[in-house]
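# Fold and contact review
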Amino acid sequence: IIKRVIIFLVLLLIASGIYLGVKTILASNSVFKGDIFGLVQQKKLQQDEGGRTNILLFGTSEDDPGHQAPYLTDSIMVLSINQSTKDAYMVSIPRDLEVRYEDCPASIAGYSGKINVVYGCYYDDGNDEEAGANALISQVSNLTGLDVQYYAHVNYSVVRDVVGALG
């Protein structure tokens, strides 16, 4: 009986490990916009013709209950990294900079306004983060002349936690 109980427990542990592994890989697809194995690959990031990788960093407050305008991008920055020389530059884009909205699907007054509205204009009330990010990338690329390959969207909780951790 003891031998059967031990075999059963070992099989249960193996089955649990397989189940958790599969669940982790499936969850990583949505978290990492790909798979978790992308974290350990030694693949170079995309680069522009100057050899730089440009990343749009922007922050919103949709996770802050009671915030009046949760989809406005209160922080907009571009991080430019040269993977060969290992140098990086960061530039902040003023959130009140006036831009043309072009064909914004949301109903907004006029065809131009602050750049911090662009993400929310295309975001479709939380249904299409990628469309909002791509519209903001397009605006920032037009302003800076940079070919922006990636973006990172952070929310209010992330900023609050980083500030708290740094003191």
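Structural data are supplied above this passage.
Description of the structure in this document. (Residues numbered from 1 in each chain as written. Predicted model: local features only at pLDDT ≥ 70, side-chain atom pairs only at ≥ 80, totals over all residues. Heavy atoms only, no water.)

## Side note on the sheet that holds strand β6 (residues 150-155)
One open sheet accounts for four strands, arranged β3-β2-β1-β6; its pairing is mixed. Two strands lie at the open edges of the sheet, namely β3 (87-92) and β6, each paired on one side alone. The average angle at which neighbouring strand axes cross in this sheet is 20°, direction not considered. Note: strand β1 (residues 52-60) against strand β2 (residues 75-82), eight bridges, orientation antiparallel. Among the inter-strand pairings, Arg52 is bridged to a residue of β2, identified as Asn82. Where helix α4 (residues 156-166) meets the sheet, it contacts β1 and β6, and its direction lies at approximately 75° from that of β6. (Pairing = 2+ DSSP bridges. Helix = DSSP H or I, 4+ residues; strand = E, 2+ residues; numbered from the N terminus. Axes fitted to C-alpha atoms, helices over the stretch in contact; angles between N-to-C directions. Contact = heavy atoms within 4.5 Å.)

## Side note on the packing of aromatic side chains
On inspection of all chains with the given rule, the structure shows two aromatic pairs. Here the aromatic rings of Phe58 and Tyr119 are separated by 4.9 Å at their centres, their planes lie at 50°, and the arrangement is tilted. Here Phe58 is found in strand β1, whereas its partner Tyr119 is found in helix α2 (residues 118-123), with 61 residues between them in sequence. In this pair, the class of Phe58 matches that of Tyr119, namely buried. Three or more aromatic residues joined by ring pairs form one cluster here, namely Phe58, Tyr119 and Tyr151. (Phe/Tyr/Trp six-rings, centres within 6.5 Å; stacked < 30°, edge-to-face > 60°. Buried < 20%, exposed > 50% of the residue type's maximum accessible area, 1.4 Å probe, protein only.)

## What about the nonpolar core?
The biggest cluster of nonpolar side chains holds 20 residues, and the ones touching the most others in it are Leu56, Ile76, Ile115, Val118, Leu136 and Val140. Going through the elements one at a time, β1, β2, α2 and α3 (129-144) are the ones with two or more residues in this core. Apart from residues no more than four positions distant in its own chain, Leu56 is found in contact with Ile76, Met77, Val78, Ala133, Leu136, Ile137, Val140, Val148, Tyr150, Tyr151 and Ala152. (Core = buried A, V, L, I, M, F, W, Y, C linked by side-chain atoms within 4.5 Å.)

## Description of unusual backbone geometry
A positive phi angle, near 60°, is found at Lys86, a position not held by glycine. Within the fold, Lys86 resides in the loop between β2 and β3.

## Remarks on the environment of Glu49
Along the chain, Glu49 turns up in the loop between α1 (2-31) and β1. Glu49 sits in the exposed class, given a relative accessible area of 80%.

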